Amino acid sequence: MHREWVSVFVGLGANLGEARQTLDAAVKAIGKLPHTRALNCSSFYRSAPVDATGPDYINAVLHLETRLNAYEALKAFQSLENMAGRVRPYRNAPRTLDIDLLLFGDASIQSPVLTVPHPRMRERAFVLKPLSELSPQRVSAQDLQSVQSQAIEKLDASSSDDL
C-alpha cells in the first residue's frame, strides 16, 4: 500500500458487559488492523448516556495512524463492533462496543454512511475531555465550557496506557 499515513482520532465507548475490558481489547485490535498503528489512548472516563437511557458508559479516545482510507477504516471498525456483539436495535441503544471515527486527518467527508469530523463531537464531554488529553490544540476552552454540565468522571489508569 502506497498511501501516506493519516492521523486519526476515534471515540470508543461501551455500556454493556465488561466495558473496560472491551475497550482495552478494542484498542489492541485496532492497533493490529492492516496498515494501522495505535499511537496513544486517553484515560478512560465514565459518563451518563446522552440522549439515551441505560447504564453509564466507559469512554476513551484513541489516536492512531493508518494508510486505510476513511471508508476502509469505518468498515474495519464496524467489523470490530460486530465481533464484540454490537447490535443496533434502535438509535442510541446501549452497546457492547461503539467506535466512532471522529477525525480523519484534515478530511471533511459528507456521505450517507460517514460524516467527518464527527457531527456531534463538539457536543459531547465524553469525546472532548479525552480528546483534549491527546491533542489539546483540537479542543478549545469554549468547547469544554459548553459541555461542563455533562456528568463525566476520569477513571484510574487502564492497561491501554501501554500501547
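Everything numeric here is computed off the predicted structure, so don't read it as measured data.

Thresholds, definitions, all that
Residues numbered from 1 in each chain as written. Predicted model: local features only at pLDDT ≥ 70, side-chain atom pairs only at ≥ 80, totals over all residues. Heavy atoms only, no water. Salt bridge = Lys/Arg side-chain N within 4 Å of Asp/Glu carboxyl O. Helix = DSSP H or I, 4+ residues; strand = E, 2+ residues; numbered from the N terminus. Buried < 20%, exposed > 50% of the residue type's maximum accessible area, 1.4 Å probe, protein only. Core = buried A, V, L, I, M, F, W, Y, C linked by side-chain atoms within 4.5 Å. Expected span 1.5 Å × (residues − 1). Arc of directions from axis to C-beta. Contact = heavy atoms within 4.5 Å. Polar contact = N/O pair within 3.5 Å; in protein donor to acceptor, adjacent residues only side chain to side chain. Phe/Tyr/Trp six-rings, centres within 6.5 Å; stacked < 30°, edge-to-face > 60°. Lys NZ or Arg CZ within 6 Å of the ring centre and 35° of its normal.

Enquirer: An account of the pattern of salt bridges is needed here, citing residue identities and associated values.
Expert: The full count for this structure, using the stated rule, is eight salt bridges. Two residues, Arg37 and Glu65, come together in a salt bridge whose shortest N-O distance is 2.7 Å. With Arg37 in strand 2 (residues 36–41) and Glu65 in strand 4 (residues 57–66), the pair connects residues that are 28 residues apart, well separated along the chain. Notably, a salt bridge pairs Arg86 with Glu81, separated by 3.3 Å at the nearest N-O pair. Each member of the pair Arg86 and Glu81 is classed as buried. The network of salt bridges with shared partners includes Glu81, Arg86, Arg95 and Asp98.

Enquirer: Tell me what's going on with the nonpolar core, and back it up with residues and numbers.
Expert: The biggest cluster of nonpolar side chains holds 30 residues, and the ones touching the most others in it are Val10, Leu12, Ile30, Leu62, Phe77, Ile99 and Leu101. Going through the elements one at a time, strand 1 (6–14), helix 1 (19–31), strand 4, helix 2 (70–83) and strand 5 (98–104) are the ones with two or more residues in this core. In terms of residues, this core owes the most to one element, helix 2, which gives six residues. Ranked by size, the runner-up nonpolar core spans 13 residues in total, among them Ala125, Phe126, Val127 and Val139.

Enquirer: Explain helix 3 (residues 125–134) residue by residue, including any values.
Expert: Burial within helix 3 is extensive, with eight of its ten residues counted as buried. Inspection of helix 3 places Ala125, Phe126, Val127, Leu128, Pro130, Leu131, Ser132 and Leu134 among the buried residues, and these make up the whole buried set.

Enquirer: Residue-level account of the environment of Leu68, with values.
Expert: Examined against the element boundaries, Leu68 turns out to sit in the loop between strand 4 and helix 2. Taking the C-alpha atoms as reference points, Leu68 and Pro55, separated by 13 residues in sequence, lie 33 Å from one another.

Enquirer: I'd like to hear about helix 2, residue by residue, with values.
Expert: With 14 residues, helix 2 ought to run about 20 Å at 1.5 Å a step, and its terminal C-alpha atoms sit 20 Å apart, in line with that. If you check which residues of helix 2 are buried, you get Ala70, Ala73, Leu74, Ala76, Phe77, Leu80 and Glu81. The buried side chains of helix 2 occupy one side of the element, clustering within an arc of 165° when seen end-on. Of the exposed residues in helix 2, those oriented more than 90 degrees away from the buried face are Lys75 and Met83. Summarising the contacts, the buried residues of helix 2 are in contact with strand 1, helix 1, strand 4, strand 5 and strand 6 (109–110). Put simply, Asn69 is the residue that caps the front of helix 2, since its side-chain oxygen is 2.9 Å from the backbone nitrogen of Tyr71. Once helix 2 finishes, Gly85 follows within two positions and takes phi at roughly 90°, a positive value.

Enquirer: Which residues make up the side chain of His63, and what values do they have?
Expert: Take His63: it is sitting in strand 4. Non-local contacts of His63, meaning those with residues more than four positions away in its chain, are made with Ser7, Val8, Phe9, Ala38, Leu39, Asn40 and Leu134.

Enquirer: Which residues make up the packing of aromatic side chains, and what values do they have?
Expert: Counted according to the given criterion, the structure contains zero aromatic pairs. For the cation-ring pair, Arg37 lies above Trp5, with the distance from its terminal atom to the ring centre recorded as 3.7 Å.

Enquirer: Could you give an account of unusual backbone geometry, naming the residues involved and the relevant values?
Expert: The amide bond that connects Val116 to the next residue, Pro117, takes the cis arrangement and shows omega of -5°. The residue Pro117 is located in the loop between strand 7 (115–116) and helix 3 in this model. Positive phi, close to 60°, is recorded for His35, a residue that is not glycine. Mapped onto the fold, His35 is located in the loop between helix 1 and strand 2.

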